[in-house]
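# Residue-level structure breakdown
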Amino acid sequence: MAVVLIFVPRPSLSLHPSYGVSLGDDVTVRCRMSHSPSRVWLYRGVTSELYRTADTERDTAEFSLLNVIPDNAMTYRCRYKVLGSGQTSELSDPVELVAIDHSYPKPGIALSPAGRVGSGSNVTIRCQGRDYGGPTLLYKDGSSAPIQRRDPDVGGTAVFTLFGVTPADGGTYRCSYRIGGCCSLSSPLGDNVTLEVVPQGDGGELRWTPPWTVVGGCVAAFVITLIFVVSFLLAARRRRMQRTGSPGGEKRFRSPDLL
Ligand SMILES: *[C@@H]1O[C@H](CO)[C@@H](O)[C@H](O)[C@H]1NC(C)=O
Ligand SMILES: *[C@@H]1O[C@H](CO)[C@@H](O)[C@H](O)[C@H]1NC(C)=O
């Protein structure tokens, strides 16, 4: 029987939920394939085989991890055998299951300088934990991926510097630390700090004209014009009255004489 060899793309693996998993939670590992498989393997860690499905023709295989324990917090990969050709794909990219262990304390966090800073400033965020052998991670606005990672000093403090901040760096920041050892364990996320960056330099504050200044200016100009027009009209009327007053007045005084 002739077997047609096909190119077998690697499957892709995902975790659901993908982050914020705590010890004791349930997680689904999903392996998505571009060809119908006859068999799917799930591996944990480097190459320890964890599951092997029976025959399946669906292009997605799901594996449930119930009540996650520290040993479950590792990287996962999957691989499959194509239905019909019997070829086997390569392993998917590894995906790390990080589990939060709430028995570790939250790290503290401090922002320096505190409050608003002008754009271009250097800002320091200090995360205070204890050194449990793993890096400290800094997150912005609740995103799942850390924006920076640092090894803490012996006192457990990790210092993150944001150089030359711009308004886009404004937001809330939190940190957590990883626990060294067998597994991908993390402390809970700590409290947040809020960074506010205001534009600075090139007369940024002076360029802004409050709306009431514009309205006030228009009103003042209108009032001044009105006063000018009214006083001009009054002066013109007075002049006309004076002009008609002297000859006309004579006439008016004369008229009774003529009558
Ligand atoms: C920010 O830090 C860099 C590197 O240490 C330094 O060259 C720069 O002058 C600092 N900028 C400000 C505004 O302090
Ligand atoms: C930041 O923490 C404060 C309390 O410390 C809380 O009221 C606020 O909702 C938090 N902000 C975010 C974005 O989580």
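Please refer to the structure placed before this passage.
This report concerns the structure included in the present document. As the structure is a computational prediction, the values presented were derived from the model and not from experiment. (Residues numbered from 1 in each chain as written. Chains lettered and ligands numbered in written order. Predicted model: local features only at pLDDT ≥ 70, side-chain atom pairs only at ≥ 80, totals over all residues. Heavy atoms only, no water.)

## A closer look at the site of ligand 1
Taken together, Gly120, Asn122 and Phe163 make up the full set of residues near ligand 1. Note that an oxygen atom of ligand 1 is positioned 2.3 Å from one of the side-chain N or O atoms of Asn122. If ligand 1 stood free it would expose 370 Å²; the protein chains cover 27% of that surface. (Near = heavy atom within 4 Å. Polar contact = N/O pair within 3.5 Å; in protein donor to acceptor, adjacent residues only side chain to side chain. Areas by Shrake-Rupley, 256 points an atom, 1.4 Å probe, with all protein chains shown as cover.)

## So, the site of ligand 2
Close contacts around ligand 2 come from Thr172, Arg174 and Asn192, and that covers them all. Arg174 places a side-chain nitrogen or oxygen 3.1 Å from an oxygen atom of ligand 2. Within the complex, 29% of the 370 Å² of free accessible area of ligand 2 lies under protein.

## Thoughts on the pattern of salt bridges
Side chains that differ in charge, positive against negative, can pair when their charged atoms come close. Under the criterion given, the structure shown has 6 salt bridges. Glu62 is the salt-bridge partner of Arg30, the closest N and O atoms lying 2.6 Å from each other. Of the two residues, Arg30 is situated in strand β3 (residues 27-32) and Glu62 in strand β6 (residues 60-65); the sequence distance between them amounts to 32 residues. With relative accessibility at 22%, the residue Arg30 sits in the partly exposed group. With relative accessibility at 45%, the residue Glu62 sits in the partly exposed group. In this structure, Lys106 engages Asp191 in a salt bridge whose closest nitrogen and oxygen atoms are separated by 3.4 Å. (Salt bridge = Lys/Arg side-chain N within 4 Å of Asp/Glu carboxyl O. Helix = DSSP H or I, 4+ residues; strand = E, 2+ residues; numbered from the N terminus. Buried < 20%, exposed > 50% of the residue type's maximum accessible area, 1.4 Å probe, protein only.)

## Re the state of the cysteines
One pass over the full model with this rule turns up 3 disulfides. Shown here is the disulfide that connects Cys31 with Cys78, its sulfur atoms set 2.0 Å apart. Since a negative S-S torsion denotes a left-handed disulfide, the Cys31-Cys78 link at about 80° is right-handed. Taken together, the positions of Cys31 in strand β3 and Cys78 in strand β7 (residues 75-82) put the pair 47 residues apart, joining distant regions of the chain. Here Cys31 falls in the buried class, since its relative accessible area comes to 0%. One disulfide bridge connects Cys182 with Cys183, the sulfur atoms lying 1.9 Å from each other. Measuring handedness by torsion sign, the sulfur bridge of Cys182 and Cys183 sits at about -85° and is left-handed. A relative accessible area of 59% places Cys182 in the exposed class. What connects to what in the chain, once the bonded cysteines are numbered by sequence position, is 1-2, 3-4, 5-6. (Disulfide = S-S within 2.5 Å.)

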